[in-house]
Amino acid sequence: MRNRATTGLKKPKIRQSWSKWNLYNMQRFRMKPPHVRTHFQQKWDAKSVARNYHGEQVSEKQWARMFSPRIRSVVSMNARQLAEDDGSKMSAGRGAGLHQTEEEAFKQDEKPIPYAQMTFAPLERRLDTAVFRAMFASSARQARQFVIHGAVTVNGKQMKYPGYLLNPGDLFQVEPDRVMYATGAPKDRSDRRESRLAKKAEEEAKAREEAAAAEDKEQEPAEAQPEEEQPMDPRDTLKALLFQAKEILSTDKSTLPAKRKQQLRGFQKAIKRVLSRSESSTILTDSLEAQFSQLTLLLKAKRTEQQTDEKAEKAEKAEKAEKAEKAEKAEKAEEAEKAVEAKKGSEESDELKVPRPAESESKPSTSDKQTLRDNLSEAFLQASKNQEVDMTQLDDEELEVLKRALVQMRENPIDHSKPYATPWLPRDYMSAFATIPRYLEVNHNICAAVYLRHPVARPGWSEVPSPFSDHVGTMAFTWYLRRR
Amino acid sequence: MVVRIRLSRFGNRHQPFYNIVVAQARSARDSKPLEVIGTFNPIPQRPTNLSEQEARRAKAYKEISLDRSRARYWLGVGAQPSDSVWKLMTLVRLPLLRRRLSISTTVTDDDCEIITTRLTHCC
Amino acid sequence: MAPRIQNQVVSNTLLPYLSSSSTSTCLPRLSTSSSQALAYSPRSSCRSFSSSVAPQTRQRREMFQWLSGPGARFKNHVPGETNYLTARKTPDGKLLRTSRPFIDNQQYRSEPILSVDLQNEIYDRVVKHKKSVRAVSVELDVDMRRVAAVVRLMELQKKMTDEGKSLALPYGRAIHEMLEKTEYEHGVGASRSHENINDLPSHRLTHPQIFYPVSESRQFNRVDAGRVFSGAPALEHEEVARNAVDPYAAVTRVTHKPSAIEMVGKGDEEHQVLQPADTRIPHPHLVAKERDSLNHPEETYANRKVYNERLRAEEKAQEDRRLKAEERRAKRMLRVQPEDSRFEFRIQDVVVSRETTGKNGRGAAAPGRRYGVPANDRKKGEVKIPTRVVV
């Protein structure tokens, strides 16, 4: 639910928030035309709209104390120029430099440094603002709540003060789960219902277990194990698994999100069922590689390549041809998808969760995934070496599919205990606000960032993200300058 | 009158912090001393930036700051450390401390060892 | 909180905003009827009793119209592209993506972040290949502080994965899809520049404008300007001649030992002489390299050799300084771990003297809480929260 007190429509104010209300306000925001306002009114307008965005959670008194008329700026030096001239060229002649051609003068004419846009730079030092700027929270208010609720650490120590002023080199970290909650799509009605049911089922199971334990105590010589699960034929299981994995990774737009979820859940269950047959008790929580090798071991899967006769070669050739074909197909499909997506961008207005970028997840874009996959294939190799009997044969394609499904399920699983909709998707309208200023270096995977230095202005650019024009900045600066 | 080296309590409620001071024995605890020669923070601090396992094994630490040369001087001119200050000073191994004590209380070196261990035990 | 809406009152018009299944087609039609109804029905009656259409303000209507019309493209991102308000449609219907997230602010742009590949490369070069932060910074055109931060964060990530903590992987991937990135291109010198690594911070002393007459025959360079800004007398001729022979040596004399910088002024006004830009930039050795290639353009091999030597010397000097500082710290800090104690004791050596306590014994530099000085910890305007967290 949006905060009605902060994002109204009647008197639009721009806030540090990613809500759609704020986005709408931002795109229609206009200052009153300066020619109908006195200078004082202009200053007043400027400082009030600017303060609604910058440090709205900070009291005016506190901000007035933080304000500093001294603004940090840098100039990018060119080593070549420094080497060519020790400065005497600049001061030569009558002090304004030697006479230069127009071209040279144009080259030297740098953009002015936007000092006025740096008026609110001291607020960027605040911990809550920095958490918002690092994109760990969807609004500055939420960032503040994270800090107060103890989810933020600075240099490994819990820091409960949102007003803590970061020093250059400070590393701050937010609990990843909170960040996923803040930046993820919210649960819809069916999600909430499912999580309720899951919780209930869990409680019931617990109660039943307890009851069973109590009964066991009463009648000591109970049967050791209820019933041995009938081990399925590994070949069939593998086939089924593969089918499911393919289903998950298919980028077919027509599947409804609910259906997709069902598929994912089915796959998860199947994997669990297979792995629970393993002797090691920790396999369900083990690393991906271990799981995968165990999986292949259990299902006695084997790569076709290991066979050394001509058959294999033939198979390989066929495979290659197939691969090429498939790659082509995939490319075409991708193009089509993009077109569809672009279209959808303009068409879609419904809040329904669209069956969206599952394909972006399966894209082998990031390199950590690459390494993961490398590890996986190594694990697979070892697994296949260790065994003698081969019952089922998988070609590379199928293996890849299985792996990818496993990776995706592992990284972005369905988990009803989470406070956000699973599998995780970015919340709506997030991309319109996505920006990370240069004074922060952020590692999003661990939700940690380093405050490198204070924000600075440089010729033409300012580092303080602000939605206002430099006129507003200048007027606000003058307003606060008055009180020093 | 005896000059003592003792602690005087600063800080807030539940946040003790001590100055190690040199003062006349009969003066009030927190009155202005002859000299402040150091501080003692009795609240154990946890070392940061460790992994969970390391953090579990790591010992918490207590911070002491002390001007050793001044402490040596005051011991040399006959200032008597209080029990708690003596305990802190044994950690620094000030040479005058043991001799001075053994003279004043006429205990042997061995006894001194025993007292030292007893006192370090309680902190 | 939103006003609670009773069941009877919920009509079709409100449904799009209560549930999450609005469509663009139904909006305009409903909105016209509702606005007419609103104009004649008093608000209170429409709430509890009337079965006429529920209140629907013009503002809300317009907002949802915008969100379903031109604003719809902001809802989801296209991987690999920014999605900002400033994007404009060209006449032929294409969307021109920009890097400015704010319409009015021409001076802020969303600058590219380091791609995962580049981060890994930085980490590998520093940790695996044991290169210095300075060298990696020059090679990849990334600020030294950023290089250090990347290494620190990657270490933390490794630690967290080893401890089996859950990471926010899908979130990280989504963010990297939304923002522009500086990619790492394999091959030396091929990688795109991430940022300017030789930024010169503007110094407080250079803010005032000074009118300083100089004879036309004099070579007035950056060193002289710095001295004028800080109000120091001009350098002696011998000194100038010495610096002119080897400018880089003059720079290193200062950068390796910042305490050797000349002081001017008296009492509280005492400050260091402002150093020229050649000294104050993070990579002064790059200037020396350029000077070499200007003076001896043919001897690329020799120049390169000299450059590498300089880099090595710089690293060594830095390492020496670090070791020395550590030694000094260790000297002042005694760590005692009594066998039978649960705690470690860290004993810091401090100095109590006339210099630290001051004439009246109230000097802030002396150890301990002071007497006769009010504790301002609860005073208005004092910072009452921590100001730093020691690593």
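Here the structure is a predicted model, which means the values were calculated and not measured.

Q: Can you help me understand the overall build of chain B in this one?
A: Tallying secondary structure elements over chain B gives 5 helices and 5 strands in all. Ordered by position from N to C terminus, the α and β elements of chain B give β-β-β-α-β-α-β-α-α-α. Here the analysis covers contacts within chain B between residues at least 6 apart in sequence; of these, 43% occur between residues at least 24 apart.

Q: So what exactly am I meant to see when it comes to the overall build of chain A here?
A: Per the secondary structure count, chain A includes 17 helices and 10 strands. Per-residue burial over chain A gives 36% buried out of 484 residues. Of the contacts formed within chain A by residues at least 6 apart in sequence, a portion of 72% connects residues at least 24 apart.

Q: Mind showing me how you'd approach the interface of chain B and chain C here?
A: One frequently used descriptor of interface size is the decrease in accessible area upon assembly of the parts. Counting residues at the interface gives 30 residues for chain B, matched by 25 residues for chain C. At the level of secondary structure, the elements contributing two or more residues to the side of chain B that touches chain C comprise β3 (35-45), β4 (61-66), α2 (68-76), α3 (83-92) and α5 (109-121) of chain B.

Q: How should the sheet that holds strand β5 (residues 80-81) of chain B be read in this particular structure?
A: Backbone hydrogen bonds hold the strands of a sheet together, and the pairing may be parallel or antiparallel. Pairing in this open sheet of 7 strands is mixed, and the strands run β5(B)-β1(B)-β2(B)-β3(B)-β4(B)-β9(C)-β8(C) from one edge to the other. Whereas interior strands pair on both sides, the edge strands pair on one side only; in this sheet they are β5 of chain B together with β8 (333-336) of chain C. Of the strand pairs in this sheet, strand β1 (residues 3-12) of chain B and β5 of chain B are connected by 2 bridges, and their pairing is parallel. Paired with isoleucine 5 of chain B across the bridge in β5 of chain B is proline 81 of chain B.

Q: I would appreciate a short explanation of the pairing of strand β7 (residues 440-443) of chain A in the present structure.
A: Successive side chains on a regular strand alternate, one facing one side of the sheet and the next facing the other. Residue and element names in this part refer to chain A. The alternating pattern of β7 places Leu440 and Val442 and Glu441 and Asn443 on opposite faces, both of which are buried. Both β7 and strand β8 (residues 448-451) contribute to a ladder of 4 bridges, which runs antiparallel. Within the sheet, the bridge partner assigned to asparagine 443 lies in β8 and is alanine 448. As consecutive antiparallel partners, β7 and β8 are separated by 4 residues, and within that stretch cysteine 447 has a phi angle of approximately 55°, a positive value.

Q: How should I be thinking about the environment of isoleucine 197 of chain C in this particular structure?
A: All names here are of chain C. Summarising the element assignment, isoleucine 197 is placed in the loop between β4 (181-182) and β5 (199-201). Residue class for isoleucine 197 comes out buried when judged on the 23 C-beta atoms lying within 10 Å of it. For the pair isoleucine 197 and glutamate 298, spaced 101 residues apart in sequence, the C-alpha to C-alpha distance is 27 Å. Excluding anything up to four places from it in sequence, isoleucine 197 contacts Ser137, Val138, Asp141, Asp143, Pro282 and His283.

Q: Would you take a moment to explain the packing of helix α5 (residues 116-128) of chain C against helix α7 (residues 144-162) of chain C for this structure?
A: Think of two packed helices as two axes; the pair is described by the angle between the axes and how far apart they sit. All names here are of chain C. Relative orientation of the contacting elements α5 and α7 amounts to 90°, with a least axis distance of 9 Å. In this view, α5 runs roughly perpendicular relative to α7, as classed from their interaxial angle. In this structure, α5 uses Gln119, Ile122, Tyr123, Val126 and Val127 to contact α7, whose residues at the interface are Val147, Val150, Val151 and Met154. Along the lines of polarity and charge, the residues of the contact of α5 with α7 split into 8 nonpolar, 1 polar and no charged.

Q: Just checking my understanding: could you explain the sheet that holds strand β4 (residues 170-174) of chain A for this structure?
A: Residue and element names in this part refer to chain A. Taken in spatial order, the 5 strands line up as β3-β2-β4-β8-β7 in an open sheet, and their pairing is antiparallel. The open sheet terminates on both sides in strands that have one partner only, identified here as β3 (157-158) and β7. One ladder, built from 2 bridges, connects strand β2 (residues 152-154) with β3; its direction is antiparallel. Within β3, the residue paired with valine 154 across the bridge is lysine 157.

Q: In this structure, what is going on with the UniProt feature "domain: RNA-binding S4" (unreviewed entry) in chain A? I would like to understand it.
A: When the UniProt feature table is mapped onto this chain numbering, "domain: RNA-binding S4" (unreviewed entry) sits at residues 125-185 of chain A. Secondary structure content for residues 125-185 of chain A is 39% helix and 16% strand, while the C-alpha to C-alpha distance between its ends is 29 Å.

Q: Explanation requested: the interface of chain A and chain C in the structure shown.
A: Facing the 91 residues of chain A at the interface are 89 residues of chain C. Looking at the side of chain A that touches chain C, its residues break down into 40 nonpolar, 27 polar and 24 charged. Pairing of strand β1 (residues 74-76) of chain A with β5 of chain C involves 3 bridges; the strand directions are antiparallel. Paired with serine 76 of chain A across the bridge in β5 of chain C is aspartate 199 of chain C.

Q: When you look at the nonpolar core in this model, what are you seeing that I'm missing?
A: Judged by nonpolar contacts, the single largest core of 100 residues is most densely connected at Leu127, Val131, Ala134, Phe136, Phe172 and Leu440 of chain A together with Ile122 of chain C. The next biggest cluster of nonpolar side chains, apart from the first, holds 26 residues, and it includes Val22, Ala23, Leu66 and Ala79 of chain B.

Q: Where do I start with the pairing of β1 of chain B in this structure?
A: All names here are of chain B. For β1 and strand β2 (residues 15-24), the ladder comprises 10 bridges, and the chain directions are antiparallel. Residue arginine 9 lies in a different strand from β2, and its bridge partner there is tyrosine 18. Between β1 and β2, which follow one another and run antiparallel, lie 2 residues, and histidine 14 among them has a positive phi close to 65°.

Q: Mind showing me how you'd approach helix α8 (residues 176-183) of chain A here?
A: Every α-helix winds through 3.6 residues per turn, so residues three or four apart in the chain are directed the same way. Burial analysis of α8 of chain A places 6 of its 8 residues in the buried class, which makes it a mostly covered element. Where α8 of chain A is concerned, the buried positions are Pro176, Arg178, Val179, Met180, Ala182 and Thr183 of chain A. Residues of α8 of chain A that are buried make contact with α7 (140-148) and β4 of chain A together with α8 (169-178) of chain C.

Parameters and conventions
Residues numbered from 1 in each chain as written. Chains lettered and ligands numbered in written order. Predicted model: local features only at pLDDT ≥ 70, side-chain atom pairs only at ≥ 80, totals over all residues. Helix = DSSP H or I, 4+ residues; strand = E, 2+ residues; numbered from the N terminus. Contact = placed C-beta atoms within 7 Å. Buried ≥ 20, exposed ≤ 12 C-beta atoms within 10 Å, placed from the backbone. Pairing = 2+ DSSP bridges. Axes fitted to C-alpha atoms, helices over the stretch in contact; angles between N-to-C directions. Parallel < 35°, antiparallel > 145°, perpendicular 65-115°, else oblique. Nonpolar A, V, L, I, M, F, W, Y, C, P; charged D, E, K, R; others polar. UniProt positions renumbered as here; feature names shortened; annotations may be inferred. Core = buried A, V, L, I, M, F, W, Y, C linked by C-beta atoms within 7 Å.

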